[in-house]
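Observations on chain architecture
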Amino acid sequence: MKSAIWLIGASKIAQDYSKILEALNVPYNVICRSENSASSFKEATGHDVKTGGLKKNLEKNFPNTAIVAVGIDELFEVTKNLINSGTNRILLEKPGSINIEEINELNLLANKKNSKVLIAYNRRFYQSVDKMKKLINEDGEITSMTFEFTEWIDKINPIKRPAKIREHWLIANSHVIDLAFHLGGKPKNWNCWQNGSFEWHPASARFCGSGITEKNVMFSYLSDWKSSGSWKLEFLTTKNRFILKPLEELKVLKIGKTKVEEIKIEDDLDKQFKPGLFLQTKKFINRDDHLLCSLSDQVENMKLLYKIAGY
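Predicted model, so just to flag it, every value in this text is computed and none were measured.

1. A look at the overall build of the protein chain
From N to C terminus, the protein chain includes 13 helices and 15 strands. In terms of overall dimensions, the protein chain is globule-like: its C-alpha atoms have a radius of gyration of 20 Å, near the 19 Å expected for 311 residues. In terms of principal-axis extent, the alpha carbons of the protein chain reach across some 65 × 45 × 40 Å. Every one of the 311 residues in the protein chain was classed for burial, and the buried ones make up 52%. Measuring between centres, the 46 positive side-chain charges of the protein chain sit 1 Å from its 38 negative side-chain charges.

2. Some details on the pattern of salt bridges
Scanning the entire structure with this criterion turns up 17 salt bridges. Among the salt bridges present, the one from D289 reaches R89, with a minimum N-O distance of 2.6 Å. Taken together, the residues span a long stretch of sequence, with D289 in the loop between α12 (277–285) and β15 (293–294) and R89 in strand β5 (residues 89–93) at a distance of 200 residues. The same class applies to D289 and to R89, which are both buried. For R241, the salt bridge is made with E234, and the minimal N-O distance between the two is 2.4 Å. For E234, a relative accessible area of 9% puts it in the buried group. Put simply, R89, K116 and D289 are held in one network by salt bridges that share partners.

3. Description of the environment of K307
Structurally, the position occupied by K307 is in helix α13 (residues 295–309). For K307, a relative accessible area of 38% corresponds to the partly exposed category. Measuring from C-alpha to C-alpha, the distance between K307 and E262 comes to 35 Å, with 45 residues separating the pair along the chain. When residues no more than four places from it in sequence are discounted, the contact partners of K307 are W190, C192 and Q194.

4. Here's the deal with the packing of helix α1 (residues 12–23) against α12
Where α1 meets α12, the axes come as close as 10 Å, and the angle between the chain directions of the two elements is 65 degrees. For the element pair α1 and α12, the recorded crossing hand is right-handed. Two secondary-structure elements touch here, α1 through I13, D16, Y17, I20, L21 and A23 and α12 through L277, F278, Q280, T281 and I285. Residue classes in the contact of α1 with α12 are distributed as eight nonpolar, two polar and one charged.

5. Some thoughts on the pairing of strand β2 (residues 28–31)
On a regular strand, each side chain points to the face opposite its neighbour's, so the side chains alternate between the two faces of the sheet. Where strand β1 (residues 5–8) lies against β2, four bridges are found, and the strand directions are parallel. Looking at β2, one finds that W6 is bridged to N29. After leaving β1, the chain enters α1 and then returns to the sheet as β2, a path that is right-handed. Pairing of β2 with strand β3 (residues 49–50) involves two bridges; the strand directions are parallel. Each residue of the ladder has a partner; that of V30, found in β3, is V49. In this fold, the crossover linking β2 to β3 by way of helix α2 (residues 35–45) has right-handed handedness.

6. As for the sheet that holds strand β8 (residues 187–195)
Taken in spatial order, the eight strands of this open sheet run β8-β9-β10-β7-β11-β12-β13-β14, and their pairing is mixed. Edge positions in the open sheet fall to β8 and β14 (261–263), since each of these has one partner strand only. Adjacent strand axes in the sheet meet at a mean angle of 15 degrees when their direction is disregarded. Relative to strand β11 (residues 231–236), strand β7 (residues 144–149) runs antiparallel, the two sharing six bridges. Each residue of the ladder has a partner; that of M145, found in β11, is F235. Against the sheet, helix α6 (residues 127–139) contacts β11, β12 (240–244), β13 (250–254) and β14, and its axis sits at roughly 170 degrees relative to β12. Helix-sheet contacts for α13 involve β7, β8, β9 (206–213) and β10 (218–224), and the interaxial angle to β8 is about 35 degrees.

7. Quick look at the packing of helix α10 (residues 175–184) against α13
A pair of packed helices can be characterised by two numbers: the angle between their axes and the separation between those axes. Close contact between α10 and α13 brings their axes to 11 Å; oriented N to C, the two are set at 125 degrees. One way to sum up the angle between α10 and α13 is to call them oblique. Seen from above, α10 lies across α13 with right-handed handedness. Residues I177, D178 and F181 of α10 lie in contact with α13, whose contacting residues are N301, L304, L305 and I308.

8. Quick look at the packing of aromatic side chains
Each pair of aromatic rings is reported with the distance of its centres and the angle of its planes. Under the definition given, this model contains twelve aromatic pairs. Between F149 and Y221 the ring centres are 5.7 Å apart and the planes differ by 45 degrees, which places this aromatic pair in the tilted class. On the criterion of sequence distance, the pair formed by F149 in strand β7 and Y221 in strand β10 is long-range, its members being 72 residues apart. The two residues F149 and Y221 agree in class, both being buried.

Basis of the calculations
- Residues numbered from 1 in each chain as written.
- Predicted model: local features only at pLDDT ≥ 70, side-chain atom pairs only at ≥ 80, totals over all residues.
- Heavy atoms only, no water.
- Helix = DSSP H or I, 4+ residues; strand = E, 2+ residues; numbered from the N terminus.
- Rg over C-alpha atoms; globule rule 2.2 N^0.38 Å.
- Buried < 20%, exposed > 50% of the residue type's maximum accessible area, 1.4 Å probe, protein only.
- Lys, Arg positive; Asp, Glu negative; His and termini not counted.
- Charge placed at Lys NZ, Arg CZ, Asp CG, Glu CD.
- Salt bridge = Lys/Arg side-chain N within 4 Å of Asp/Glu carboxyl O.
- Contact = heavy atoms within 4.5 Å.
- Axes fitted to C-alpha atoms, helices over the stretch in contact; angles between N-to-C directions.
- Left-handed = near helix turned anticlockwise from the far one by under 90°.
- Nonpolar A, V, L, I, M, F, W, Y, C, P; charged D, E, K, R; others polar.
- Pairing = 2+ DSSP bridges.
- Right-handed = clockwise from strand over helix to strand, strands pointing away.
- Parallel < 35°, antiparallel > 145°, perpendicular 65-115°, else oblique.
- Phe/Tyr/Trp six-rings, centres within 6.5 Å; stacked < 30°, edge-to-face > 60°.

Take a look at the structure:
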């Protein structure tokens, strides 16, 4: 019998993981702190929950494999406790921490304890992204890219979040930036600028940058949190401009054409489950890690995010 995975947390994202683990027929135990959270999780999923928090449950046993799906402000401590307990394989919800020192500490500890920790950037596994990658390969390669990560500040209202999270909001919502540089390569020669601010995000409110990546892909970005906009990525080849806006959908502007066309994709998994989460979780369980973000990669990512945001 397979050793049960520990699913840490009883949040909405933990419920999404539960649904996938059930579909994959993978045994798992759910660990959370409060009776109220456990009751809500049980009502939503039908799965029993062990309460009392992680430390209490680690006194009795520890898992070989765990999925950490707690709040952003808890990700670091929970993962640190798991690594120290002997857990050697962890899928850690993004971004792992909003603090670069904590990500670096986790990376050093994981290397010391021989534990593999992977950051769950599920948008890398969107079926729209998978389809686009196949079409780009047919064209040859990405030659340039542009992206936007403007936030709907009036909708998400970060002011309700803990201060340390809202002050590092770009890291908390780093999905688009991660996907851009995951596909196009990390910047090797680039410049960036910021201006404006919010009381809750004093570092910046507008972001602009351009350069060239290690894959020789030219790139640019422009985002203004004080104006209108949304998340968008565009990847160009010698034949096509592929557009992800929204990220779950794929469109193309063919060379010599002016009309943007929608590309039909097989997105049954992204409709049945939280987009990207099923394929991400399946690959994690099957130890197919090449598309997942390692802790050492996240250390480098954090340096980029700090520079983009002006932290």
